[in-house]
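What follows is the residue order along each chain.
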Amino acid sequence: MEKSALQISRSAYQPKLPKALQGAVKIKEGNPTQSVDDQEDIKKLFPNTYGMPVVEFVPSEEACNTKMNVGIILSGGQAPGGHNVITGLFDQVKKLNPENRLYGFILGPGGLVDHNYMELTKDIIDEYRNTGGFDMIGSGRTKLEQVEQFEKGLEIIRELDIKAIVIIGGDDSNTNACVLAEYYAAKNYGVQVIGCPKTIDGDLKNAQIETSFGFDTATKTYAELIGNIERDCNSARKYWHFIKVMGRSASHIALECALQCQPNICIVSEEVEQKDMTLNQIVDQLCEAIAYRAAQGNNFGTVIIPEGLIEFIPAIGRLIQELNDLLAAHGADYKDLDKTAQREYIISHLSKENAATFETLPEGVARQLSLDRDPHGNVQVSLIETEKLLSEMCEARLAQWKKEGKYVGKFAALHHFFGYEGRCAAPSNFDADYCYALGTSAAQLIANGKTGYMAIVQNTTAPADEWVAGGVPITMMMNMERRNGEMKPVIRKALVELEGKPFKAFAAVRDRWAKETCYVYPGPIQYWGPSEVCDQPTKTLSLEQSK
Ligand code: FBP
């Protein structure tokens, strides 16, 4: 494989490990835990993995020599740092006993079921140190939830003498990790399952998980691009840039990019939902800022839009709920109909209110909302062009205002979607260190006999050697939610909190950003240089952890 000069230098980077993980460890156990909600239901569904304590690793005098083979799975969307979880896991597994083997299941959870795997040896691992992407073993979105899948997986686990499976994934994949852990524990198979918090979306976090890995690098990559656009925008002074950024549900990515770049406008889906806003009200707000700036002679600006917005507009959210149930129950009846017949079928099967909302949507968006969900039942929001929808609606509204004499300006819009650009970027120092520590923690959780836990690393705004590592029972993060028409145990997603420090910091200054040009240009991620440049955590994390 040919490599760039940066790749070659970067492969020699030695991730920083917390002090407590640098040598032998022992476990310090906390009190028994309970789930965030629906305790009785979750306890009943997870009798073997419910109530376990949070654990922390502390240095130990006694080195342990544990014989264990481990299997690793990457699940869901790519996130920078995934390879470092694997290298951290590999190094620790080998440190525990050089005879230990690490197996990678290919293309996600499906690899376990289909017995598609490879042994990850030192030469393979060394190729991927501190690199972005998930291409070492690939990823996939197969949902592990059926007993037949668990049993099929067990066959290869037995054949390879694997003691534990590590699943690197987001909220859905870690929910599945927990279900698998519970099943193997209930059957007394002696197979452990450990999760790892991954997703650029940043919505797998709670009192124990400070951040999901990948969020740091992805947002820094988008912020660089947005800053470059802002500088162009401020130089040319003739375009409004509508920039959609990833984040299937939560607006953490949009908010973080706004905090880094200070655009004129950033929409936060959670606020739209809380204020019960309609699409028209969002367009009005955008047009007011555009008209104000035009009156100052500034016919340019930058708008950040979270990709999940559409689902958070309450009327559309209600429509999606009903479409989800309709798709689950009758999808097969209308899937193969032509476009017009499909539209008619859907409208005739929806409630009056939702049918009316469906009819007001542009055809492309309505079609997207009625299409297949991903294997976890989610609308594929990355395929909906919200940035175009909004700019087209703004254009029409401004034309109307012009006629009414309320707007004197020129409006030319450009569109961007930043998502895939950031998911495989070379991990920042933060993600490289954080992921390596997560992999090391996962190995220690296995060596200490734990199952149904997620590896965690805390105190992450302090220098890396002061980070605290351990594990948290996955059941602790669960509640019951409606999925595909049924109540299911799932990890609660962390949305942007409107009372939280990051949103409040943004809300305090956004009116000025809308009127004036306050852009900040963050520039590219730096891997070497002064610590205040290359080791900074995200603004979100710094604000959340600030006392
Ligand atoms: P995960 O939650 O699996 O980490 O994926 C997040 C994400 O990048 C979202 O931001 C985006 O909506 C989605 O994946 C895109 O999925 P796909 O890779 O299947 O197009």
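Predicted model, so just to flag it, every value in this text is computed and none were measured. Throughout this description, residue numbers start from 1 for each chain and increase along the sequence as written. pLDDT decides what is reported in this predicted model: residues at 70 or higher carry local features, side-chain atom pairs at 80 or more are listed and counted, and totals for whole chains, interfaces and linings draw on all residues regardless. Only hydrogens and water are set aside; all other atoms, that is, all heavy atoms of the structure, feed into the side-chain values.

*Asks:* Quick question: what am I supposed to make of the sheet that holds strand β3 (residues 69-74) here?
*Replies:* Pairing between the strands of a sheet is mediated by backbone hydrogen bonds and can be parallel or antiparallel. Here a strand pair is declared whenever DSSP counts at least two bridges between the two strands. Elements are defined by DSSP. Helices are runs of H or I of four residues or more, strands are runs of E of two residues or more, and each kind is numbered from the N terminus. Sheet architecture is open: nine strands sit in the order β1-β2-β13-β12-β7-β6-β3-β4-β5, paired in mixed fashion. The open sheet has two free edges, formed respectively by β1 (25-29) and β5 (117-119), since each of these has just one partner strand. Looking at each pair of strands side by side, their axes are set apart by 30° on average, direction ignored. Examined bridge by bridge, strand β7 (residues 192-197) and strand β12 (residues 453-458) share two bridges and lie parallel to one another. Among the inter-strand pairings, Ile194 is bridged to a residue of β12, identified as Tyr453. A fitted line through C-alpha atoms represents every axis, and for helices the fit uses only the stretch in contact; the resulting angles, taken between N-to-C directions, go from 0 to 180 degrees.

*Asks:* Help me understand the nonpolar core in this model?
*Replies:* Generally speaking, nonpolar side chains in soluble globular proteins are found buried as a group. Counting 113 residues, the largest nonpolar core has Ile86 and Tyr184 as its most contacted members. The biggest single contributor to this core is helix α19 (residues 429-447), with 11 residues. Residue ranges for the domains trace back to a domain assignment, done automatically or taken from a database. Counting only domains with at least three residues in this core, you end up with domain 1 (14-214 + 427-491) and domain 2 (218-308 + 379-420 + 500-545). Whether two residues are in contact is decided by their heavy atoms: any pair within 4.5 Å suffices. When neighbours within four sequence positions are excluded, Ile86 is seen to be in contact with Ile72, Leu74, Leu102, Leu120, Ile125, Met136, Ile137 and Ile168. Counting residues in each nonpolar core, the second largest holds 47 residues, with Trp240, Phe358, Leu398 and Phe411 among its members. What makes a nonpolar core is a set of buried Ala, Val, Leu, Ile, Met, Phe, Trp, Tyr and Cys residues whose side-chain atoms join them at distances within 4.5 Å. Each residue's exposure class comes from its accessible area (1.4 Å probe, protein chains only) as a fraction of the maximum for that residue type: buried when under 20%, exposed when over 50%, partly exposed otherwise.

*Asks:* Explain the side chain of Asp433 to me, please; I cannot follow it from the model alone.
*Replies:* Mapping Asp433 onto the fold places it in helix α19. Apart from the residues within four sequence positions on either side, Asp433 is in contact with Tyr13, Pro15, Lys16, Ala464 and Trp467.

*Asks:* Quick question: what am I supposed to make of the domain arrangement of the protein chain here?
*Replies:* Interface size is commonly expressed as the accessible surface area that is lost when the partners come together. Split into domains, the protein chain comes out as domain 1 (14-214 + 427-491) and domain 2 (218-308 + 379-420 + 500-545). Each of domain 1 and domain 2 was reduced to a C-alpha centroid, and the two centroids are 35 Å apart. Each side of the interface is counted separately: domain 1 has 17 residues, and domain 2 has 18 residues. Buried area: the accessible area, evaluated with a 1.4 Å probe, that two parts lose upon being put together, summed over both parts. In total, domain 1 and domain 2 occlude about 1400 Å² of area from one another, counting both sides; carbon and sulfur atoms represent 52% of this. Each reported salt bridge corresponds to a side-chain nitrogen of Lys or Arg within 4 Å of a carboxyl oxygen of Asp or Glu. Viewed at the interface, domain 2 and domain 1 are joined by two salt bridges. In this structure, Lys16 engages Asp535 in a salt bridge whose closest nitrogen and oxygen atoms are separated by 3.6 Å. N or O atoms closer than or at 3.5 Å make up a polar contact, with two conditions inside protein: a donor-capable atom paired with an acceptor-capable one, and, for residues adjacent in sequence, both atoms drawn from side chains. For the interface between domain 1 and domain 2, the tally reads six residue pairs in polar contact (both at pLDDT 80 or more).

*Asks:* What is the right way to look at the site of the ligand in this model?
*Replies:* Every one of the 14 residues lining the ligand counts as a neighbour, but Gly77, Asp201, Glu307, Tyr420 and Arg423 are closest to it. In this structure, Asp201 approaches the ligand through a side-chain N or O atom, which is 2.6 Å from an oxygen atom. Between an oxygen atom of the ligand and a side-chain N or O atom of Arg423, the distance comes to 2.9 Å. To be clear on the numbers: accessible area is Shrake-Rupley with a 1.4 Å probe, and residue cover counts the displayed protein chains and nothing else. For the ligand, whose accessible area on its own is 480 Å², the fraction buried by protein is 84%. For the shell around the ligand, the residue count by class is three nonpolar, five polar and six charged. Composition of the shell around the ligand by domain shows at least three residues from each of domain 1 (14-214 + 427-491) and domain 2 (218-308 + 379-420 + 500-545). Here a residue is considered near a molecule or strand provided that any single heavy atom belonging to it is located within 4 Å of it. Basically, the charged four are Asp, Glu, Lys and Arg, the nonpolar ten are Ala, Val, Leu, Ile, Met, Phe, Trp, Tyr, Cys and Pro, and anything else, Gly included, counts as polar.

*Asks:* Explanation requested: the UniProt feature "active site" (unreviewed entry) in the protein chain in the structure shown.
*Replies:* UniProt positions are given in the numbering used here, feature names are shortened, and annotations may be inferred rather than shown by experiment. Within this numbering scheme, the UniProt entry marks Asp201 as carrying the feature "active site" (unreviewed entry). Looking at Asp201, the relative accessible area reads 7%, which means it is buried. Once residues within four sequence positions are removed from consideration, Asp201 is found in contact with Phe215, Gly247, Arg248, His252 and Ile253.

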